[in-house]
Number of protein chains: 2
Amino acid sequence: MSEPVAPRAPRRGRPGHDQETVLRRAIDLFNEQGYDGTSMGDLARELGFTKSAIYHHVPSKSHLLEQALDEALDALTAVIEEAASATSEQSAYARLRLAVRQSVEVLVAHLPAVTLLLRVRGNSDIELNALRRRRAIDDRLAALVAEAVAEGSLRGDLPPDLVSRLLFGMVNSLVEWYRPGGAVDAAMLSKAITTMAFDGLALHETGPGDTGTPPA
Amino acid sequence: MSEPVAPRAPRRGRPGHDQETVLRRAIDLFNEQGYDGTSMGDLARELGFTKSAIYHHVPSKSHLLEQALDEALDALTAVIEEAASATSEQSAYARLRLAVRQSVEVLVAHLPAVTLLLRVRGNSDIELNALRRRRAIDDRLAALVAEAVAEGSLRGDLPPDLVSRLLFGMVNSLVEWYRPGGAVDAAMLSKAITTMAFDGLALHETGPGDTGTPPA
């Protein structure tokens with residue numbers, strides 16, 4: 001996968017942008033205005049192209065959407081395929097914890113593309129295909145949670161599907177507020193999410209700290 | 001707050017609906033088509049009114065949006081005000097855990113209104129006001145997390161603001177997939193979220209289960 005362009009590049013560019021820059025601008029516009037609310041004319045204006053010149057760079061709007069969704073899905077699929085690998089010598093618990101940590105890293109590195117992916121509702125074949133790929137990732141994560149429960153390293157009193165949804169619901173919620181360059185860096189994010197989810201926030205070892213717990 | 005109407009009411013109704021039914025249908029349409037993508041004509045058609053008759057029931061589209069956002073915000077504010085109450089004899093930890101549990105209950109009970117609230121981006125004074133109320137809730141939750149850290153019942157190695165965001169990011173992620181009447185009920189949801197967040201998923205007491213943990 002090619003590297004993202006520098007985030008501080010000027011928004012009004014000159015003709016001569018490479019395809020990567022066109023894709024970055026398209027993803028930003030789709031996130032700001034919605035995919036349906038963005039025309040190729042909007043994108044051309046954003047890049048300083050004429051409306052006809054934009055087609056020298058990209059065949060269609062849906063092609064850009066597909067590239068963006070593939071960017072996010074390829075990165076997330078790579079994480080889960082490594083984590084779900086049966087040939088790994090690591091425990092299912094260690095692989096699950098690693099998958100959560102690496103998913104956070106993928107979200108931070110590909111924030112605009114993942115943001116777009118999480119908004120997809122299935123309005124076209126490209127979107128339906130993206131939803132299928134998301135479901136395949138979710139299924140493998142749920143299976144990994146079940147594997148960690150089966151090996152005795154993860155609590156078994158919660159349904160694995162629900163645990164998987166909540167775990168990655170927490171990870172995905174980053175796109176609502178996380179902005180690179182802010183007070184929280186990717187390492188702190190990963191630490192906070194994995195620590196909260198696996199170790200818990202309560203300091204049970206202090207003794208009576210949990211006595212006020214309401215019945216669940 | 002008035003009770004929501006039965007979710008299985010027919011979608012194509014006859015004239016004579018009360019205001020509560022009009023509001024429920026409006027919220028559903030806003031969530032399905034977007035607020036900007038929904039006209040009063042759409043709502044009239046959905047309810048079986050003529051386009052002019054709808055104004056006998058509601059003054060404007062923005063009035064419906066405001067009522068919907070207030071429904072969600074009033075319920076969430078009530079939860080956090082109780083939890084943040086300094087006169088409570090409960091520990092900050094117990095109040096925070098209760099706030100998480102009750103927030104889940106609010107989301108389940110007011111799912112369409114909360115879904116609408118979480119999509120608000122600040123496109124009007126009504127939306128900006130809703131965002132202000134959301135921020136006030138977030139601030140009080142972050143303060144409650146800090147209070148629990150200060151009393152020694154919550155781990156202090158993670159920034160309270162970040163913990164609060166992730167905790168309620170996990171809670172809010174419910175709107176993406178939770179549907180009443182499915183396999184998971186509200187009690188199981190509350191249990192799963194509070195158990196994961198406060199107690200953690202890892203079974204540390206089994207001993208070597210955590211040895212495979214990658215460095216955070």
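Here the structure is a predicted model, which is why all the values come from computation and not from measurement.

Draft legend 1. Just the overall build of chain A, in detail. If you tally the helices and strands in chain A, you get 8 helices and 0 strands. Going from the N terminus to the C terminus, chain A shows its helices and strands as α-α-α-α-α-α-α-α. Considering only intrachain contacts with a sequence separation of at least 6, the fraction spanning at least 24 residues in chain A is 65%. Counting every atom, chain A has about 10200 Å² of accessible surface; 52% of that belongs to carbon and sulfur.

Draft legend 2. Looking closely at the interface of chain A and chain B. Facing 50 residues of chain A, the contacting portion of chain B comprises 50 residues. Between chain A and chain B, the buried area comes to about 4500 Å², and carbon and sulfur atoms account for 67% of it. Taken as a group, A:R155, A:L166 and A:L201 account for 16% of the area that chain A buries against chain B, more than any other trio of residues on that side. B:D157 is the partner of A:K191 in a salt bridge, and the nearest nitrogen-oxygen pair spans 3.9 Å. The interface formed by chain A and chain B holds 14 residue pairs in polar contact (both at pLDDT 80 or more) in total.

Draft legend 3. Up close: the UniProt feature "DNA-binding region" (unreviewed entry) in chain A. UniProt's feature table lists "DNA-binding region" (unreviewed entry) at residues 39-58 of chain A, given in the numbering used throughout. Between the C-alpha atoms that bound residues 39-58 of chain A the distance is 13 Å, and the span itself is 40% helix and 0% strand.

Draft legend 4. Quick peek at the packing of aromatic side chains. Residue and element names in this part refer to chain B. A complete count under the given rule lists 6 aromatic pairs over all chains for this structure. Ring centres of F30 and Y35 lie 4.9 Å apart, and the angle between their planes is 75 degrees; this geometry places the pair in the edge-to-face category. Assigned by exposure class, F30 and Y35 land together as buried. Here Y93 and F198 contribute two aromatic rings whose centre-to-centre distance is 5.5 Å and whose plane-to-plane angle is 85 degrees, an arrangement assigned as edge-to-face.

Draft legend 5. Geometry of the relation of the copies chain A and chain B. For the pair chain A and chain B, the superposition axis carries a translation of 0.0 Å, the fit reaches an RMSD of 0.0 Å, and the rotation angle comes to 180 degrees. The relationship between the two copies is best expressed as a two-fold rotation axis. When the interface residues of chain A are mapped onto chain B, 100% of them again fall at the interface, so both copies present the same face.

Draft legend 6. How the structure looks around the pattern of salt bridges. The tally for this structure, following the rule as stated, stands at 24 salt bridges over all chains. The shortest N-O distance in the salt bridge between A:R121 and B:E176 comes to 3.2 Å. Taken together, the positions of A:R121 in the loop between α5 (111-119) and α6 (125-150) and B:E176 in the loop between α7 (160-172) and α8 (186-199) put the pair across two chains. Among the residues examined, A:R121 registers a relative accessible area of 45% and is labelled partly exposed. Within the structure, one salt-bridge network assembled from shared partners comprises A:E20, A:R24 and A:E71.

Draft legend 7. Region of the structure containing the packing of helix α3 (residues 61-84) of chain A against α6(A). Residue and element names in this part refer to chain A. In the contact formed by α3 and α6, the axes pass within 10 Å of each other and the chain directions differ by 10 degrees. Between α3 and α6, the crossing angle belongs to the class labelled roughly parallel. Seen from above, α3 lies across α6 with left-handed handedness. Taken together, the residues of the contact of α3 with α6 break down into 12 nonpolar, 2 polar and 8 charged.

Draft legend 8. Looking closely at the confidence of the model for chain A. All names here are of chain A. Of the residues in chain A, 86% reach a pLDDT of 70 or more, and the chain-wide mean stands at 87. By mean pLDDT, helix α2 (residues 40-47) is the weakest element of chain A at 93, and α5 is the strongest at 97. Between residues 1-15, whose pLDDT stays under 50, and residues either more than four places distant or in other chains, the model counts 26 contacts. Every residue in residues 206-216 scores below 50 in pLDDT, and together they form 16 contacts with partners more than four places removed in sequence or on other chains.

Draft legend 9. View of the environment of A:L73. All names here are of chain A. Structurally, the position occupied by L73 is in helix α3. For L73, a relative accessible area of 1% corresponds to the buried category. For L73, the contacting residues outside a window of four places in its chain are L117, A130, R133, R134 and I137.

Draft legend 10. Main features of the packing of α6(A) against helix α7 (residues 160-172) of chain A. Residues and elements named next belong to chain A. Relative to each other, α6 and α7 sit at 120 degrees, their axes nearing to 8 Å. Looking at the two axes, α6 sits oblique to α7. Like other packed secondary-structure pairs, α6 and α7 cross with a definite hand, here right-handed. Side by side, α6 and α7 meet where R134, D138, L141, A142, V145 and A146 of the first sit next to P160, D161, V163, S164, F168 and N172 of the second. Within the contact of α6 with α7, the residues separate by chemical class into 7 nonpolar, 2 polar and 3 charged.

Draft legend 11. Broad picture of the side chain of B:S190. Looking at where B:S190 falls in the secondary structure, it is placed in helix α8. With near-sequence residues (within four places) excluded, B:S190 lies in contact with B:R101, B:V104 and B:E105.

Draft legend 12. Representation of α8(B) within the structure. With 14 residues, α8(B) should cover 20 Å at 1.5 Å per step; its first-to-last C-alpha distance of 19 Å lies within 8% of that length. Among the residues of α8(B), those classed as buried are B:L189, B:S190, B:A192, B:I193, B:T194, B:T195, B:M196, B:A197 and B:F198. Here the buried face of α8(B) lies against α7 and α8 (186-199) of chain A together with α4 (92-109) and α7 of chain B.

Reading guide: rules and limits
- Residues numbered from 1 in each chain as written.
- Chains lettered and ligands numbered in written order.
- Predicted model: local features only at pLDDT ≥ 70, side-chain atom pairs only at ≥ 80, totals over all residues.
- Heavy atoms only, no water.
- Helix = DSSP H or I, 4+ residues; strand = E, 2+ residues; numbered from the N terminus.
- Contact = heavy atoms within 4.5 Å.
- Areas by Shrake-Rupley, 256 points an atom, 1.4 Å probe, with all protein chains shown as cover.
- Buried area = accessible area lost by both parts, 1.4 Å probe.
- Salt bridge = Lys/Arg side-chain N within 4 Å of Asp/Glu carboxyl O.
- Polar contact = N/O pair within 3.5 Å; in protein donor to acceptor, adjacent residues only side chain to side chain.
- UniProt positions renumbered as here; feature names shortened; annotations may be inferred.
- Phe/Tyr/Trp six-rings, centres within 6.5 Å; stacked < 30°, edge-to-face > 60°.
- Buried < 20%, exposed > 50% of the residue type's maximum accessible area, 1.4 Å probe, protein only.
- Least-squares fit on C-alpha atoms with pLDDT ≥ 70 in both.
- Axes fitted to C-alpha atoms, helices over the stretch in contact; angles between N-to-C directions.
- Parallel < 35°, antiparallel > 145°, perpendicular 65-115°, else oblique.
- Left-handed = near helix turned anticlockwise from the far one by under 90°.
- Nonpolar A, V, L, I, M, F, W, Y, C, P; charged D, E, K, R; others polar.
- pLDDT = per-residue confidence, 0-100.
- Expected span 1.5 Å × (residues − 1).

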